[in-house]
Protein chains: 2
Amino acid sequence: MQDIADKLGLSKGTVSLVLSGKARGSRVSEETCRKVRQTAEEMNYQPNEIARSLSTGKSMSIGVIVTDISNEFFGNLTFHIQEQAKKYGYTVITTNTNESLEEFNDAVTNLLNKQIDGIIFVPVVGGEKVAEKIIKRHLPVVQVDRYFPDMKASYIIVDNYKVSAEITELLIKKGNRRIAVVCYDIDLNALRERRQGYIDTMNRYGLLDTTLIKDINYEDQEEQIKQAIIDLKNNPDKVDAIFFCSRRVFITGVKHMHREGIKIPEDMEVLCFDKIDSFSIANIPIHYIEQPIGEMGKKAVDILIEQINGANDIKQYVLDAEIKHSI
Amino acid sequence: MQDIADKLGLSKGTVSLVLSGKARGSRVSEETCRKVRQTAEEMNYQPNEIARSLSTGKSMSIGVIVTDISNEFFGNLTFHIQEQAKKYGYTVITTNTNESLEEFNDAVTNLLNKQIDGIIFVPVVGGEKVAEKIIKRHLPVVQVDRYFPDMKASYIIVDNYKVSAEITELLIKKGNRRIAVVCYDIDLNALRERRQGYIDTMNRYGLLDTTLIKDINYEDQEEQIKQAIIDLKNNPDKVDAIFFCSRRVFITGVKHMHREGIKIPEDMEVLCFDKIDSFSIANIPIHYIEQPIGEMGKKAVDILIEQINGANDIKQYVLDAEIKHSI
DNA sequence: AATGATTAGTTAACCGGTTTAGCTATTGAA
DNA sequence: TTCAATAGCTAAACCGGTTAACTAATCATT
């Protein structure tokens with residue numbers, strides 16, 4: 001800017017006014033504006049956003065903290081967040097927590113120091129204190145996919161309970177009595193709700209049987225899922241269907257169903273919480289729940305930007321997921 | 001910093017020296033260091049990285065430009081890049097190009113203005129001029145997955161030709177004569193090489209037949225892949241196997257093979273370039289090529305950081321992919 | 001006593017923008 | 001002719017760090 005000013009015999013301030021589009025209000029002549037813009041072009045001037053940020057206190061970038069971007073769900077979510085942020089002219093810094101509290105903390109600290117304008121994050125078990133740090137700074141924040149119940153902050157999630165109840169009921173109405181559930185035993189409200197939606201519905205129809213509930217330890221999942229499938233196959237009272245509470249459990253579960261020679265859907269039907277891109281390579285009918293990932297990502301950004309622009313009401317959305325069927 | 005300095009009757013400079021760890025060289029007393037650090041803690045001082053960046057000219061963040069982070073391959077790649085960058089203390093800003101030249105250009109411009117320390121990017125067709133902008137700024141850069149042949153810059157890619165030739169040969173040696181290929185007609189060297197690896201190998205064995213080569217237009221892929229499958233099914237000289245040149249083509253292709261009642265592997269075997277997380281839900285044997293995504297991501301970061309730290313030799317790695325088999 | 005070396009810390013410029021008070025010259029009205 | 005209003009621009013502070021150059025005091029050495 002100084003170079004442009006020197007070349008035109010103007011001051012740095014004037015050049016800044018023109019280039020930042022604030023020339024009209026402060027009345028810089030049409031002529032000068034044209035010359036400044038032309039010279040900037042000629043000299044291939046590119047603004048230094050860092051300097052601008054320091055001055056304005058706005059970095060024009062937002063932080064996104066997810067569990068693991070290589071996971072189909074979070075990859076999709078992040079994609080939609082990025083595309084929406086792009087529309088608002090915001091840049092996105094993404095970090096993975098790998099479900100670790102320490103990494104979550106590091107991510108938050110780092111983003112705060114980077115003077116980020118807002119944060120969209122997927123809560124990590126035990127991360128309330130860390131999240132409070134964001135609130136204390138009065139930094140706009142939106143939780144996605146999960147939320148801390150005691151935190152006064154915006155969130156946008158899916159009604160896990162409701163859709164799980166619905167899909168269970170759907171299967172019951174189709175004539176299934178013996179529906180099993182396979183779910184991680186992790187203490188995430190999303191997972192608890194999916195499991196509970198199933199349990200309450202089965203109960204309501206008087207079909208609940210604890211031998212149909214298979215809780216899987218995350219660390220030892222391959223083995224435990226395999227065992228769960230074998231158990232269900234050998235259940236004295238024939239099992240009609242299995243509800244897998246998440247993507248990965250479904251993939252591993254179906255694999256072992258194949259290995260055990262369980263025919264889908266003749267022997268058992270399968271339900272999957274989450275859509276998988278490649279359902280169609282499995283030549284079987286699959287009932288699945290499709291979360292509105294795109295809407296969730298877009299809306300999270302919308303809410304965040306509103307807050308960045310001054311809104312200070314907390315928005316908490318609970319979206320409905322859809323029940324679908326492959327093949 | 002000024003506040004800390006005031007409270008202790010020191011100068012801002014001294015506080016900066018202590019807090020940035022340069023106190024030893026500039027000899028600030030042990031006592032003063034301790035007091036500064038303690039007071040910083042008490043006042044909950046957090047450095048403003050933006051200010052630091054402006055001053056040092058280093059933003060401690062790198063840009064990553066991929067095609068589409070929601071794609072399993074790029075999601076994985078980005079994940080490994082982020083994890084490795086974290087180790088070096090670098091933050092990652094990710095952007096998607098959606099294979100669009102314009103978006104690629106916007107991303108580069110934006111990252112340059114953000115005073116990023118280096119860029120890792122997946123080339124976009126026609127993006128040579130845009131990439132030159134990075135080079136002209138003498139900004140460290142690493143291309144991944146693809147590369148611009150005429151650009152003097154580091155890259156790290158997989159030997160698409162070689163592994164495609166190998167997998168074709170493997171199938172031939174297993175007794176297959178009529179191997180087809182289904183590939184996008186996009187002008188990406190990665191895809192061209194996969195196709196060519198197949199063609200040259202078939203040729204070498206005297207098995208090449210152009211009715212076995214199916215080029216798919218990206219925009220109309222669903223329909224064209226379907227038609228390709230039907231064509232191959234009806235090929236007068238029975239087709240033994242199909243080599244799908246990428247993930248998505250494979251998924252769509254296998255779907256239509258199922259629909260057409262083609263039995264895998266009895267009627268035809270299938271080959272997929274790229275590993276898919278959920279291969280196991282398809283109860284069929286699949287020959288696939290697994291790219292060393294983790295290594296590619298990690299190495300890309302290593303090379304970039306080396307360059308950021310002053311190395312100015314161009315590194316060009318061609319990694320080997322592995323041939324594997326599901327079930 | 002003079003000199004040099006060392007220790008401990010200060011000063012002030014600088015990074016590259018933004019922003020606002022205020023200055024000057026011109027125009028228009030009284 | 002005089003004064004106010006306005007247009008057009010400048011000067012300088014500011015954002016929050018970093019760092020080269022400098023000062024001042026102490027200690028060791030000759």
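Residues numbered from 1 in each chain as written. Chains lettered and ligands numbered in written order. Predicted model: local features only at pLDDT ≥ 70, side-chain atom pairs only at ≥ 80, totals over all residues. Heavy atoms only, no water.

Draft legend 1. Main features of the overall build of chain A. From N to C terminus, chain A includes 12 helices and 12 strands. Against the compact-globule benchmark of 20 Å for 327 residues, chain A has a radius of gyration of 26 Å, which places it well outside the compact range. Overall, chain A is about 90 × 40 × 30 Å in size when its C-alpha atoms are taken along their principal axes. Looking at the 327 residues of chain A, the share that counts as buried comes to 54%. Look at the contacts in chain A between residues 6 or more apart in sequence, and 67% of them connect residues 24 or more apart. Accessible surface computed for chain A: about 14,300 Å², of which carbon and sulfur atoms make up 47%. Looking at charge distribution, chain A has the averaged site of its 42 positive side-chain charges lying 5 Å from that of its 48 negative ones. (Helix = DSSP H or I, 4+ residues; strand = E, 2+ residues; numbered from the N terminus. Rg over C-alpha atoms; globule rule 2.2 N^0.38 Å. Buried < 20%, exposed > 50% of the residue type's maximum accessible area, 1.4 Å probe, protein only. Contact = heavy atoms within 4.5 Å. Areas by Shrake-Rupley, 256 points an atom, 1.4 Å probe, with all protein chains shown as cover. Lys, Arg positive; Asp, Glu negative; His and termini not counted. Charge placed at Lys NZ, Arg CZ, Asp CG, Glu CD.)

Draft legend 2. Examining the relation of the copies chain A and chain B more closely. Screw-axis analysis of chain A against chain B gives a translation of 0.1 Å along the axis, an RMSD of 0.2 Å, and a rotation angle of 180 degrees. Expressed as an axis order, the relation between the two copies is that of a two-fold axis. Proximity to the rotation axis, assessed at the C-alpha, singles out A:Ala282 in chain A; its C-alpha lies 1.9 Å from the axis. Both copies contact each other with a shared surface, as 100% of the interface residues of chain A are interface residues in chain B too. (Least-squares fit on C-alpha atoms with pLDDT ≥ 70 in both.)

Draft legend 3. Broad picture of the packing of aromatic side chains. Residues and elements named next belong to chain A. Inspection of the entire model under this criterion finds 16 aromatic pairs over all chains. For the ring pair Phe104 and Phe121, a centre distance of 5.4 Å and an interplane angle of 40 degrees mean the geometry is tilted. Here Phe121 lies in strand E3 (residues 118–121) and Phe104 lies in helix H6 (residues 101–113), a separation of 17 residues in the sequence. For the pair formed by Phe104 and Phe121, the shared burial category is buried. Arranged with centres 5.7 Å apart and planes meeting at 85 degrees, the rings of Phe244 and Phe250 form a pair that is edge-to-face. Take Phe250: its relative accessible area is 0%, and that puts it in the buried class. (Phe/Tyr/Trp six-rings, centres within 6.5 Å; stacked < 30°, edge-to-face > 60°.)

Draft legend 4. Here's a closer look at helix H11 (residues 247–259) of chain A. All names here are of chain A. In this model H11 runs 19 Å from its N-terminal to its C-terminal C-alpha over 13 residues, within 8% of the 18 Å that 1.5 Å per residue would give. By the criterion of burial, H11 is predominantly enclosed, with 11 of the 13 residues buried. If you check which residues of H11 are buried, you get Arg247, Val249, Phe250, Ile251, Thr252, Gly253, Val254, Lys255, His256, Met257 and His258. In the core, the buried residues of H11 are packed alongside helix H5 (72–87), strand E6 (179–184), helix H10 (221–233), strand E8 (241–244), strand E9 (269–273) and strand E10 (286–290). Phi turns positive, to about 75 degrees, at Gly261, one or two residues after H11. (Expected span 1.5 Å × (residues − 1).)

Draft legend 5. Structural view of unusual backbone geometry. Of note, the bond from A:Ile264 into A:Pro265 is cis; its omega dihedral lies within 30 degrees of zero at 5 degrees. The backbone phi angle of A:Gln115 is positive, close to 60 degrees, even though this residue is not glycine. Locating A:Gln115 in the fold gives a position in the loop between H6 and E3. Residue B:Asp274 is not a glycine yet carries a positive backbone phi of 110 degrees.

Draft legend 6. Spatial organisation of the protein's contact with DNA strand C. DNA strand C sits among 25 residues. The nearest are A:Lys12, A:Ser16, A:Ser55, B:Thr14 and B:Thr32. In DNA strand C, atoms within 4 Å of the protein come from the sugar-phosphate backbone in 60% of cases. In the environment of DNA strand C, a sugar or linking oxygen lies 2.9 Å from a nitrogen or oxygen atom belonging to the side chain of A:Tyr45. Interatomic distance of 3.4 Å between a backbone N/O atom of A:Ala51 and a base nitrogen of DNA strand C. Of all the elements in the fold, those that place two or more residues in the surface near DNA strand C are helix H2 (12–19) and helix H4 (49–56) of chain A together with helix H5 (49–56) of chain B. Classifying every residue of the surface near DNA strand C by side-chain character gives seven nonpolar, 14 polar and four charged. (Near = heavy atom within 4 Å. Polar contact = N/O pair within 3.5 Å; in protein donor to acceptor, adjacent residues only side chain to side chain. Nonpolar A, V, L, I, M, F, W, Y, C, P; charged D, E, K, R; others polar.)

Draft legend 7. Just the protein's contact with DNA strand D, in detail. Every one of the 25 residues lining DNA strand D counts as a neighbour, but A:Thr14, A:Thr32, B:Lys12, B:Ser16 and B:Ser55 are closest to it. Backbone atoms, meaning sugar and phosphate, form 60% of the atoms of DNA strand D found within 4 Å of the protein. Within the backbone of A:Ser55, an N or O atom sits 3.4 Å from a base oxygen of DNA strand D. Within the contact set of DNA strand D, a sugar or linking oxygen lies 3.0 Å away from a side-chain nitrogen or oxygen of B:Tyr45. Going through the elements one at a time, H4 of chain A together with helix H2 (12–19) and H5 of chain B are the ones with two or more residues in the surface near DNA strand D. Of the residues assigned to the surface near DNA strand D, the class counts are seven nonpolar, 14 polar and four charged.

Draft legend 8. Highlighting helix H12 (residues 293–308) of chain A. Residues and elements named next belong to chain A. Over its 16 residues, H12 runs 22 Å from end to end, which matches the ideal 22 Å to within 8%, given 1.5 Å per residue. Taken together, the buried positions of H12 are Ile293, Gly294, Met296, Gly297, Ala300, Val301, Ile303, Leu304, Ile305, Gln307 and Ile308. Of the surrounding elements, those touching the buried residues of H12 are strand E1 (61–66), H5, E3, strand E4 (141–144), strand E5 (154–158) and strand E11 (316–319). Just beyond H12, the residue with positive phi is Gly310, at close to 115 degrees.

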